[in-house]
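One letter stands for each residue in the lines below.
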Amino acid sequence: MTVSREWGRVREGSPWTGLWAVVAKEMADYLTGVRMRILEAIIVLTAFGTVFAAAENLRNTVGQDRFLFLRLFTVNVDPLPAFVGFLAFLVPLIAIALTFDSVNGEFNRRTLSRILAQPIYRDALLFGKFLAGLFTLALVLTTIWLLIFGLGLVRLGLPPSTEEVVRSLWFLLATVFYGGIWMALALLFSVRFRSPATAALASIAVWLFFAVFWSMIANVLAQLLFPLRYGLVQEVLAQSRASLFFSRISPITLYTEITLALLRPTVRAFGLILPTQLEGMILGSPLPLGQSLLLIWPQLTGLIAATVLLFALSYVWFQRQEIRA
Amino acid sequence: MEEWVIQTQDLTKRYGDFTAVDRLNLQVMAGEVFGLLGPNGSGKTTTILMLLGLTEPTEGSVRVLGLDPARQPLSVKAQVGYIPDQVGFYDDLTGRENLIYIAKLNGLPRAEAFRRIDEALNRVGLDEVADRPVGTYSRGMRQRLGVAEVLIKRPALIIMDEPTLGLDPEAARDFLGLIRNLKSQGITLLLSSHLLHQVQTVCDRVGLFHRGRMVLEGTVEELARRVLGGGYRVHVEAQGDPQAIEQSLRQLPEAKRVTRSGPDIYTVEGARDMRSEAARAVVQAGGALRSLRLEEPSLDDVYAHYFREVEDDRQS
């Protein structure tokens, strides 16, 4: 209830008082918790499996590709999907599993009113919980990133080039923010629903919706709004653009596009490409890093903006919530 | 130092059409123990939340330690300890770890925090179990850990919501002893409760809540005088002619009411202790006095009596 009746009223002190105490405590909780160990085991196993298989496959083609190391992330060997595919799938689950009970859990343990009676603002508690989740996720992902590089060095016997390292670091950053959006979503539900089970189910429902159904819905929407009446090129183009536009509402599409552009330097556009766009282009030649980044800049900002938006929403809800037990 | 630790003026909180707290004027002096009494849902907890700045008042003003909790919540919360009802801790952390977190949130330097934590744990008698997870603590121990937590701040005021609810009689008695101990250190306490007989023994003054309004306020004796007419009841057990004895007791100038509650038992109500007069009256009426017992005014009586009247008024 910070909406005050008197304008120009200023709160005393910084809203971030106590923020780092909250972050430290929450991170300690995450890192010592059983939940975290299970998640780590899952992700390390998948990382090891997929990357090991990819490395074995790539050993036969060493020397044919300038970006061999990046292909560790993207090459899939049947029946395993590529590592990035696994990440797109697992990171939301980890993010949701970490935060779905962060606020309502405090409420149910009856610790919330006691914590808020300390000289801190609610801002610090909510933001501290979010940051702790994000740091934990970043820690796990960085560890895996390092493991993959080590594995690559051993199995491929080649050092990565500077550009490969920089590109994969951007990929790491994008993955953390991709986790951030799901974390903000789970946090929102944990503020909204008093029962952690409801919050977890709601978050998983949203994730399933985007992971499984959204691409179909995007196609159907595009077909409905831009039907092919005469089979003209313009119609086909319009429909394909609409379909791409709708599917980009899903963070999963955004993340897939980001990883594609970062880890496959030859990717220079998404969606349909017209022959006129191919004019003067040397097929198969990689883009410089700056150009790849330019290509995914909208997607990356979109991810971050959605995270900020979801967090702001849970912030407003949390501020207006009655904390009486 | 402010003489008034808590001052509210026409403090009102509405949730939609429902008025949780209605024009409350509450004053608590430094060093006193004040009890907010009333049935569940009568506005006690809402009042406490407004005092801490955890809920904004709809109307009226609050001053706690001379500060406005809505404008200066950090200064207020740094000096005021709050123990919510059914206080909760992180069960998988030890008692000490729980307190360390609170000390960090209060921004205490490390060495100072450890010193205060040891001192507080010692004070509430939890130093031996401090390194066990809170999950293994009993209700009474959790409640005492709650006190240790607020003591870390060295508070000027402690607010407790239903402190003895759910404690067994012995734990409750220990806890009330702890409250008296705090009072003797000069800390002001505000308690809310509906367990009247427990609160009565520690509170200097009480305020009775009913439907969001503080309907009565004062010391227990004052309330008893106001609501019960007399505060003191003398139970007289005497053998002899019942009519003569009753007649004789009724003639005592200060007796407000005389009733016969048993075959040989009479109850005399008066504004003060009337044991000696009653004894004389029985002897004068030719009765044989068997026993004489003084019943001090109890909050339970005040409460029951008051709310019976309120209900009667509403029905008529």
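Residues numbered from 1 in each chain as written. Chains lettered and ligands numbered in written order. Predicted model: local features only at pLDDT ≥ 70, side-chain atom pairs only at ≥ 80, totals over all residues. Heavy atoms only, no water.

Caption draft 1: Representation of the domain arrangement of chain B. Looking at chain B, the domain boundaries give domain 1 (4–218) and domain 2 (232–295). One C-alpha centre belongs to domain 1 of chain B, the other to domain 2 of chain B; they are set 44 Å apart. (Domains from an automatic or database assignment.)

Caption draft 2: A look at the side chain of B:Thr55. Along the chain, the position of B:Thr55 falls in the loop between helix H1 (44–51) and strand E5 (59–64). At 3.4 Å, the side chain of B:Thr55 and the side chain of A:Glu322 are in polar contact. The contact partners of B:Thr55, leaving out residues within four places of it in the chain, are A:Glu322, B:Lys13, B:Tyr15, B:Leu49 and B:Met50. (Helix = DSSP H or I, 4+ residues; strand = E, 2+ residues; numbered from the N terminus. Polar contact = N/O pair within 3.5 Å; in protein donor to acceptor, adjacent residues only side chain to side chain. Contact = heavy atoms within 4.5 Å.)

Caption draft 3: Local environment of the pattern of salt bridges. All names here are of chain B. Evaluated as defined, the whole model comprises 27 salt bridges over all chains. Ionic pairing is found between Glu-269 and Arg-257, a salt bridge with its closest N-O pair at 3.2 Å. Here Glu-269, found in strand E13 (residues 265–270), pairs with Arg-257, found in strand E12 (residues 255–260); they are 12 residues apart in sequence, far enough to count as distant. By relative accessible area, which is 11% here, Glu-269 ends up buried. By relative accessible area, Arg-257 is classed as partly exposed at 48%. (Salt bridge = Lys/Arg side-chain N within 4 Å of Asp/Glu carboxyl O. Buried < 20%, exposed > 50% of the residue type's maximum accessible area, 1.4 Å probe, protein only.)

Caption draft 4: Molecular detail of the pairing of E13(B). All names here are of chain B. The element E13 is extensively covered by neighbouring structure, given that five of its six residues are classed as buried. Here strand E11 (residues 232–239) runs beside E13; their pairing, made up of six bridges, is antiparallel. Bridge pairing in E13 places Glu-237 opposite Ile-265. Hairpin geometry of E12 and E13 is characterised by an intervening segment of four residues between the two adjacent antiparallel strands. (Pairing = 2+ DSSP bridges.)

Caption draft 5: Spotlight on the sheet that holds E11(B). All names here are of chain B. Judged by pairing direction, the sheet is antiparallel, and its four strands sit side by side in the order E12-E13-E11-E14 without closing on themselves. At either margin of the open sheet sits one strand with a lone partner, and together these are E12 and strand E14 (288–295). Strand-to-strand twist across the sheet, computed as the mean angle between neighbouring axes with direction ignored, equals 20°. In this fold helix H10 (residues 275–284) packs onto E11 and E14, with an angle of close to 160° to the strand it touches most, E14. (Axes fitted to C-alpha atoms, helices over the stretch in contact; angles between N-to-C directions.)

Caption draft 6: Inspection of the packing of helix H7 (residues 122–156) of chain A against helix H8 (residues 162–192) of chain A at higher detail. Residue and element names in this part refer to chain A. Where H7 contacts H8, the axes come no closer than 9 Å and their chain directions differ by 145°. In this structure, the crossing between H7 and H8 has a hand that is right-handed. The residues of H8 that touch H7, namely those facing Leu-126, Phe-130, Gly-133, Leu-134, Leu-137, Ala-138, Leu-141, Thr-142, Trp-145 and Phe-149, are Val-165, Ser-168, Leu-169, Leu-172, Thr-175, Val-176, Gly-179, Gly-180, Met-183, Ala-184, Leu-187 and Val-191. Of the residues belonging to the contact of H7 with H8, the class tally is 16 nonpolar, six polar and no charged. (Left-handed = near helix turned anticlockwise from the far one by under 90°. Nonpolar A, V, L, I, M, F, W, Y, C, P; charged D, E, K, R; others polar.)

Caption draft 7: Inspection of the environment of A:Leu225 at higher detail. Residues and elements named next belong to chain A. Take Leu-225: it is sitting in helix H9 (residues 196–225). Exposure remark for Leu-225: the relative accessible area of 52% places this residue in the exposed category. The spatial distance from the C-alpha of Leu-225 to the C-alpha of Gln-239 is 7.9 Å, given a sequence separation of 14 residues.

Caption draft 8: Structural context of the packing of aromatic side chains. All names here are of chain A. Within the structure shown, the criterion is met by 19 aromatic pairs over all chains. Of the aromatic side chains, those joined through ring pairs into one cluster are Trp-16, Phe-127, Phe-130 and Phe-311. The aromatic ring of Phe-107 is capped on one face by Arg-194, whose charged end is 3.8 Å from the ring centroid. (Phe/Tyr/Trp six-rings, centres within 6.5 Å; stacked < 30°, edge-to-face > 60°. Lys NZ or Arg CZ within 6 Å of the ring centre and 35° of its normal.)

Caption draft 9: The arrangement of the interface of chain A and chain B in detail. Listed by partner, the interface residues are 35 residues for chain A and 36 residues for chain B. On the surface where chain A and chain B come into contact, there are one salt bridge. For A:Arg114, the salt bridge goes to B:Glu149, with nearest N and O atoms at 2.3 Å. One can count 14 residue pairs in polar contact (both at pLDDT 80 or more) joining chain A with chain B. When contributions to the side of chain A that touches chain B are tallied by element, the ones reaching two or more residues are helix H1 (19–32), helix H6 (112–116) and H7 of chain A. No other element matches H1(A), which puts five residues into the side of chain A that touches chain B. Residue classes in the side of chain A that touches chain B are distributed as 14 nonpolar, seven polar and 14 charged.

Caption draft 10: Representation of the confidence of the model for chain A within the structure. Residue and element names in this part refer to chain A. A residue-level look at chain A finds 94% of positions with pLDDT of 70 or above and a mean pLDDT of 87. Of all the helices and strands in chain A, helix H12 (residues 275–278) carries the lowest mean pLDDT, 71, while H8 carries the highest, 94. pLDDT under 50 marks residues 1–8. Its contacts with residues more than four places away, or in other chains, come to 13 contacts. (pLDDT = per-residue confidence, 0-100.)

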